[in-house]
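What follows is each chain in one-letter form.
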Number of protein chains: 2
Amino acid sequence: MKISIVRNILEVNESAARENRERLDRAGVVAVNITSAPGSGKTSLLEATVPGLSLEGMCAVIVGDLQTSRDAERIAVLGVESVQINTEGGCHLTASQVSAALDRLDLDGLSFIFIENIGNMVCPAGFDLGEHARVAMLSVPEGDDKIGKYPTLFQPADVIVLNKTDLIGVLDYDLNRVTDDLGRVNTRAPFLRMSVKTGEGIEAWLAWLRGLKV
Amino acid sequence: MKISIVRNILEVNESAARENRERLDRAGVVAVNITSAPGSGKTSLLEATVPGLSLEGMCAVIVGDLQTSRDAERIAVLGVESVQINTEGGCHLTASQVSAALDRLDLDGLSFIFIENIGNMVCPAGFDLGEHARVAMLSVPEGDDKIGKYPTLFQPADVIVLNKTDLIGVLDYDLNRVTDDLGRVNTRAPFLRMSVKTGEGIEAWLAWLRGLKV
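*Asks:* Honestly, helix α4 (residues 95-103) of chain B in this entry has me stumped. Any pointers?
*Replies:* Every buried residue of α4(B) is accounted for by A95(B), V98(B), A101(B) and L102(B). What you see down the axis of α4(B) is that its buried residues fit within an arc of 115°, all on one side.

Encoded structure:
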């Protein structure tokens, strides 16, 4: 009984995700789903990405948040449209929520939609939102054990971003441990070391995004 | 229908939590449920707590983890018994899981049980595990907006710990923003600034724990 409910939720989500992807394909828009723990730097990454690819007016951001609109306010400053999804306690976005957000956007003229998921290393993993690529982000201060401990987030990722590398020297961070874990969890996705603060890795990230363009 | 299922899960949990608390009360053991995002320092806090209160052999740790036993291994080194709960993808511990863990512990002679919840700022909030006190922890590198963004974690907490304060100077961290948010979310719980690394705030934390003793 329990299993059938879970299956049903996932089936409904898969079907909505498929529809989202078809709709985005028709409009020629690439959707990127960004997942991470709280505070890894998802919004900061977008703050570097929009000017980095000159995406002002050419991309939109769908932001999931429990209650506030703080991230959406940071996005608005960038000169791109954003849609805020308040999940009211929900621990991940669903494809149906993204579908409703797409209804509120004019897809014509957009090249990218970035979906900033709820800050959570567990729940967003199993929910396809209809994206074309998924980013799993972690940051140095979270500790070097996180890929081993939360593998389900990193397994389906198309790119893995390690942010806040400027803190590697300050903290007792073992990069080898991270790459060892990654060798067991996901060898397919590029692994980008990044510091949004210093700019390290931003060029590689922008190049990866450019490669997604249809 | 959906709502009734959710209610049912929470009712089952509440009942198991009540039983856990009664069982712990009878044994004279104080249970502390520690919640935070991944990598805020829950295990490190326990590494400072056990020697700090000379709890070797006198406390036990129940550790929730998705897959690995890494935290349990770190705990074992401290000379205290630990029970690992692998949730296999579940995003929070439940009172029933804690009940099963209690079955595996000899409660006689213990003064404390620390429950290290899954690293997650959303899901553990709504689940009483039968603890006597709940800790909500955050850390400086996660950013100064987290209490406002994840209020449900901080509202029910009996103490709020801000860890990694040694990084306040390194990062662009606005402590006033945190205390402002806290003023709206939880004015009841003490707010402890802490650096497990430098030792700042550890004495205040140990004093708070001593105050829980029956």
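Now that the structure has been shown, the text picks up again.
*Asks:* Where do I start with empty space enclosed by the protein in this structure?
*Replies:* Over the atoms rolls a probe the size of a water molecule, and in doing so it shows where empty space is left. Evaluation of the coordinates by the stated rule reveals one cavity of 30 Å³ or more. Around the largest cavity, the lining residues are G39(A), S139(A), P141(A), E142(A), K164(A), G39(B), S139(B), P141(B), E142(B) and K164(B).

*Asks:* Sorry if this is basic, but what is going on with the interface of chain B and chain A here?
*Replies:* Frequently, the measure chosen for interface size is the accessible area removed from exposure when the parts meet. At the interface, 36 residues of chain B touch 37 residues of chain A. When chain B packs against chain A, the two sides together hide about 2800 Å² of surface, and 57% of this comes from carbon and sulfur. Three residues stand out in chain B for area buried against chain A, namely P38(B), R70(B) and K149(B), and they jointly supply 22% of the buried area on that side. Between D71(A) and K149(B) there is a salt bridge, and its shortest N-O distance comes to 2.5 Å. The interface formed by chain B and chain A includes 13 residue pairs in polar contact (both at pLDDT 80 or more). Of the residues in the side of chain B that touches chain A, the class split is 15 nonpolar, nine polar and 12 charged.

*Asks:* I tried to follow the environment of N86(A) on my own but got confused; where do I start?
*Replies:* All names here are of chain A. Mapped onto the elements, N86 comes out in strand β3 (residues 81-86). Taking relative accessible area as the criterion, N86 reaches 34% and is therefore assigned partly exposed. Residues within four places of N86 in sequence aside, it is in contact with D65, L66, Q67 and T68.

*Asks:* Would you explain the packing of helix α2 (residues 42-52) of chain B against helix α8 (residues 202-210) of chain B in this entry?
*Replies:* For any two helices packed against each other, the geometry comes down to the angle between their axes and how far apart the axes lie. All names here are of chain B. Where α2 meets α8, the axes come as close as 11 Å, and the angle between the chain directions of the two elements is 65°. The orientation of α2 relative to α8 falls into the category roughly perpendicular. Every pair of crossing elements has a handedness; the one defined by α2 and α8 is right-handed. Of α8, the residues touching α2 (which contributes L45, A48, T49 and G52) are I202, W205, L206, L209 and R210. Among the residues forming the contact of α2 with α8, the class breakdown is six nonpolar, two polar and one charged.

*Asks:* Would you mind going over the relation of the copies chain B and chain A with me for this structure?
*Replies:* Both copies of the chain are related by a screw-like operation: a rotation about an axis and a shift along it. Once turned by 180° and shifted 0.0 Å along the axis, chain B lies on chain A with an RMSD of 0.0 Å. Taken together, the turn and the small shift mark the pair as related by a two-fold rotation axis. Taken together, the interface assignments show that 100% of the residues at the interface of chain B recur at the interface of chain A, consistent with an identical surface on both copies.

*Asks:* Help me understand the sheet that holds strand β1 (residues 30-35) of chain B in this model?
*Replies:* What links the strands of a sheet is backbone hydrogen bonding, and the strands pair in either a parallel or an antiparallel sense. Residues and elements named next belong to chain B. Taken in spatial order, the seven strands line up as β3-β2-β4-β1-β5-β6-β7 in an open sheet, and their pairing is parallel. On the outer flanks of this sheet lie β3 (81-86) and β7 (191-193), each paired with one strand and no other. Adjacent strand axes in the sheet meet at a mean angle of 20°, parallel and antiparallel pairs treated alike. Here strand β6 (residues 159-163) runs beside β7; their pairing, made up of three bridges, is parallel. Note on β7: the bridge partner recorded for L162 is R193.

*Asks:* Honestly, the pattern of salt bridges in this entry has me stumped. Any pointers?
*Replies:* Once the charged atoms of two side chains with opposite charge are near each other, the side chains can pair. Applying the stated criterion to the full structure yields 22 salt bridges over all chains. Two residues, D103(A) and R23(A), come together in a salt bridge whose shortest N-O distance is 2.6 Å. Linking D103(A) in helix α4 (residues 95-103) with R23(A) in helix α1 (residues 2-27), this pair joins segments that are 80 residues apart in sequence. Across the pair R177(B) and D144(B) runs a salt bridge, and its minimum N-O distance is 2.9 Å. Here R177(B), found in helix α7 (residues 175-185), pairs with D144(B), found in the loop between β5 (133-139) and α5 (146-149); they are 33 residues apart in sequence, far enough to count as distant. Through salt bridges that share partners, D71(A), D145(B), K146(B) and K149(B) make up one connected network.

*Asks:* Could you clarify how one ought to interpret the packing of aromatic side chains in this entry?
*Replies:* Aromatic ring pairs are defined here through the distance separating the ring centres and the angle between the ring planes. All names here are of chain B. Counted by the stated rule, this structure contains four aromatic pairs over all chains. Residues F112 and F114 carry aromatic rings whose centres are separated by 5.5 Å and whose planes lie at 10° to one another, so their mutual orientation is stacked. Exposure remark for F114: the relative accessible area of 0% places this residue in the buried category. Look at W205 and W208: their rings are 5.5 Å apart centre to centre, the planes differ by 20°, and that puts the pair in the stacked class. Remark: W208 and W205 occur in helix α8; sequence separation between them is three residues, near one turn of the helix. The residues W205 and W208 share a single accessibility class, namely buried.

*Asks:* Mind showing me how you'd approach the pairing of β1(B) here?
*Replies:* A regular strand carries its side chains on alternate faces of the sheet. Residue and element names in this part refer to chain B. For β1, a buried count of six out of six residues is recorded, marking the element as mostly surrounded by other parts of the structure. Burial along β1 is two-sided: V30, V32 and I34 and A31, N33 and T35, pointing in opposite directions, are all buried. Of the strand pairs in this sheet, β1 and strand β4 (residues 112-116) are connected by five bridges, and their pairing is parallel. Considered in β4, the bridge of A31 is made with I113. Direction of pairing for β1 relative to β5: parallel, over a ladder of four bridges. From the neighbouring strand, T35 faces β5, where its bridge partner is A136.

*Asks:* Would you explain the nonpolar core in this entry?
*Replies:* Side chains of a nonpolar character, in soluble globular proteins, are inclined to be buried together. In terms of nonpolar packing, the biggest core is built from 52 residues, with L138(A), F154(A), I160(A), L138(B), F154(B) and I160(B) touching the most fellow members. Mapped by element, the contributors of at least two residues to this core are β5 (133-139), α6 (151-154), β6 (159-163) and α7 (175-185) of chain A together with β5, α6 (151-154), β6 and α7 of chain B.

*Asks:* Explain the sheet that holds β3(A) here, please?
*Replies:* Residues and elements named next belong to chain A. One open sheet holds the seven strands; their spatial order is β3-β2-β4-β1-β5-β6-β7, and the pairing between them is parallel. Here the strands that pair on one side only, and so sit at the sheet edges, are β3 and β7 (191-193). On average, adjacent strands in this sheet sit at an angle of 20° to one another, irrespective of strand direction. Helix α2 (residues 42-52) rests against β1 (30-36), β2 (59-65), β4 (112-116) and β5 of the sheet, and its axis sits at about 165° to β4.

About the thresholds
- Going along each chain's sequence as written, the residues are numbered from 1 onward.
- Here chains are named by letter from A upward and ligands by number from 1 upward, in the order in which they appear as written.
- It should be noted that, the model being predicted, local features are given only for residues of pLDDT at least 70 and side-chain atom pairs only at 80 or more, the latter also being counted only at that level, while totals for whole chains, interfaces and linings use all residues.
- Side-chain figures throughout are based on the complete set of non-hydrogen atoms in the structure, without hydrogens or water.
- Burial classes: relative accessible area under 20% of the type maximum marks a residue as buried, over 50% as exposed, and values in between as partly exposed (1.4 Å probe, protein chains only).
- Secondary structure elements are taken from DSSP: a helix is a run of H or I of four residues or more, a strand is a run of E of two residues or more, and numbering for both begins at the N terminus.
- Picture the helix axis, draw a direction to every C-beta atom, and the arc is the one those directions span.
- In this analysis the probe radius is 1.4 Å and the grid spacing 1 Å, with only protein atoms considered; a cavity is a set of points the probe fits into but cannot get out of, a pocket is an open set with protein on both sides within 12 Å along at least five of seven lines, and lining residues have an atom within 4 Å of a point.
- Grid points are joined across faces, edges and corners, and a volume is the space filled by probe spheres set on the points.
- Any two residues having at least one pair of non-hydrogen atoms within 4.5 Å are treated as being in contact.
- Defined here as a combined quantity, buried area equals the accessible surface (1.4 Å probe) lost by two parts on assembly, summed across both.
- Any Lys or Arg side-chain nitrogen located within 4 Å of an Asp or Glu carboxyl oxygen qualifies as a salt bridge.
- Polar contacts here mean pairs of N or O atoms no more than 3.5 Å apart (in protein, one a potential hydrogen donor and the other a potential acceptor; neighbouring residues in sequence count only if both atoms are side-chain atoms).
- Just so you know the grouping, Ala, Val, Leu, Ile, Met, Phe, Trp, Tyr, Cys and Pro go in nonpolar, Asp, Glu, Lys and Arg go in charged, and all remaining residues, Gly too, go in polar.
- Axes, fitted as lines to C-alpha atoms, cover a helix only where it is in contact. Angles between the N-to-C directions of the axes lie from 0 to 180 degrees.
- Oblique is the label for any angle not under 35 degrees, not over 145, and not in the 65 to 115 range, which are roughly parallel, roughly antiparallel and roughly perpendicular in turn.
- Whether a crossing is left-handed or right-handed is set by the direction in which the near helix is turned from the far one by less than a right angle, anticlockwise for left-handed and clockwise for right-handed.
- The copies were overlaid with a least-squares fit restricted to C-alpha atoms from residues scoring a pLDDT of at least 70 in each copy.
- Note on pairing: DSSP must find at least two bridges between two strands before they are called paired.
- Two rings belonging to Phe, Tyr or Trp (six-membered ring only in the last case) form a pair when the distance between their centres is within 6.5 Å. Interplanar angles under 30 degrees mark stacking, angles over 60 mark edge-to-face geometry, and anything in between is tilted.
- Nonpolar core, defined: a set of buried Ala, Val, Leu, Ile, Met, Phe, Trp, Tyr and Cys residues in which side-chain atoms within 4.5 Å join the residues together.

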